[in-house]
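# An overview of the molecular structure
Chain residues, written in single-letter form:
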Amino acid sequence: MLNILTRQNSPQLIRLLKASGQAYARAKLLENTISVFMFLMGFIYPVIYLFVHNDSIKNMAFGVSLGISIFSELVMAIYKSNTEKGAIIREQFDVTLFKLPWKSTIHKVSESEISALAVKFDHDVSNWYSSSISGQIPDHQMVAICQMLNAAWDISLRKKYRRVLLVGITLYTLVLITLTVVIKADMLTFFLMAFSLS
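Residues numbered from 1 in each chain as written. Predicted model: local features only at pLDDT ≥ 70, side-chain atom pairs only at ≥ 80, totals over all residues. Heavy atoms only, no water.

### A look at helix α5 (residues 139-182)
Along its 44 residues, α5 runs 64 Å from first to last C-alpha, staying within 8% of the 64 Å computed at 1.5 Å per residue. For α5, the full list of buried residues reads Met-142, Val-143, Cys-146, Tyr-172, Leu-176, Leu-179 and Thr-180. Just beyond α5, the residue with positive phi is Lys-184, at close to 55 degrees. (Helix = DSSP H or I, 4+ residues; strand = E, 2+ residues; numbered from the N terminus. Expected span 1.5 Å × (residues − 1). Buried < 20%, exposed > 50% of the residue type's maximum accessible area, 1.4 Å probe, protein only.)

In structure tokens form, the structure reads like this:
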């Protein structure tokens, strides 16, 4: 009988990993695009408010910022759909690999959709679980080890994201505070700039 580390590279399971990767890639592209626009507007709007004295330009910047906010809320459903799809397919991978029962409350992603996603993903996903783990470990222990590796990987990603976010917000705040001090802005301006951080 093939062990988990060998089975994970079967064509069926590689196809699931590729489909999951493509769904996550779509979600990440959408999230990154929205994040860049939101960050730029969050930075540009206060700068325009401080240095541009033409009210129509300020109103236009506010309108663009509001439009991007509304647009991002509308496309969040697409982002969440791709993220959820990626997670369900990854669950299908684990359940198939570990020979576990499927949760009846979750609907599997259709085979046709998995195939459509998988052909678009051109990265190597073989050896998803490290082949450096001993193949002599019994399957029931291997399942626990692999799930622990999944959790550790997720935690490390979240920590990295939190650090990047914290550094970005701190730098952004320091730049805006410096600008308000340099131009000697009044309290209303400071309040509006602080509000742009949220």
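### Focus on the packing of aromatic side chains
In total, this model carries three aromatic pairs according to the counting rule given. Each ring, one from Phe-93 and one from Tyr-129, has its centre 6.2 Å from the other, and the planes form 25 degrees; the classification is stacked. Taken together, the residues span a long stretch of sequence, with Phe-93 in helix α3 (residues 55-98) and Tyr-129 in the loop between α4 (111-118) and α5 at a distance of 36 residues. Note on Phe-93: relative accessible area 0%, which makes it buried. Seen from their ring centres, Trp-128 and Trp-153 are 6.2 Å apart, and the 75 degrees between their planes marks the pair as edge-to-face. With Trp-128 in the loop between α4 and α5 and Trp-153 in helix α5, this residue pair connects regions lying 25 residues apart in the sequence. (Phe/Tyr/Trp six-rings, centres within 6.5 Å; stacked < 30°, edge-to-face > 60°.)

### Digging into the nonpolar core
By size, the foremost hydrophobic cluster in this structure holds 24 residues, and its most contacted members are Ile-4, Ile-89, Phe-93, Leu-97, Phe-98 and Tyr-129. Counting only elements with at least two residues in this core, the list comes to α1 (4-7), α2 (11-51), α3, α4 and α5. Here this core takes six residues from α2, the largest share from any one element. Among residues more than four places away in sequence, those in contact with Ile-4 are Leu-97, Phe-98, Asp-139, Met-142, Val-143 and Cys-146. (Core = buried A, V, L, I, M, F, W, Y, C linked by side-chain atoms within 4.5 Å. Contact = heavy atoms within 4.5 Å.)

### So, the side chain of Arg-90
Relative to the helices and strands, Arg-90 resides in helix α3. Buried charge without a partner: Arg-90 forms no salt bridge, and the closest opposite charge is Asp-94, 6.7 Å away. Among the polar contacts made by the side chain of Arg-90, one reaches the side chain of Ser-20 at a distance of 3.1 Å. Every residue in contact with Arg-90, bar those within four places of it in the chain, is listed here: Leu-17, Ser-20, Gly-21, Tyr-24 and Trp-128. (Lys, Arg positive; Asp, Glu negative; His and termini not counted. Salt bridge = Lys/Arg side-chain N within 4 Å of Asp/Glu carboxyl O. Polar contact = N/O pair within 3.5 Å; in protein donor to acceptor, adjacent residues only side chain to side chain.)

### Focus on a positive patch on the surface
Residues Lys-28, Lys-159, Lys-160, Arg-162 and Arg-163 make up a contiguous surface patch of positive charge. You can see Arg-162 is positioned in helix α5. Given the relative accessible area of 57%, Arg-162 is considered exposed. (Patch = residues over 30% accessible without salt bridge, like charges linked within 9 Å, V, L, I, M, F, W, Y side chains within 5 Å. Areas by Shrake-Rupley, 256 points an atom, 1.4 Å probe, with all protein chains shown as cover. Charge placed at Lys NZ, Arg CZ, Asp CG, Glu CD.)

### Brief notes about the environment of Ala-25
You can see Ala-25 is positioned in helix α2. Judged by its relative accessible area of 35%, Ala-25 falls in the partly exposed class. Taking the C-alpha atoms as reference, Ala-25 lies 18 Å from Leu-13; in sequence the two are 12 residues apart.

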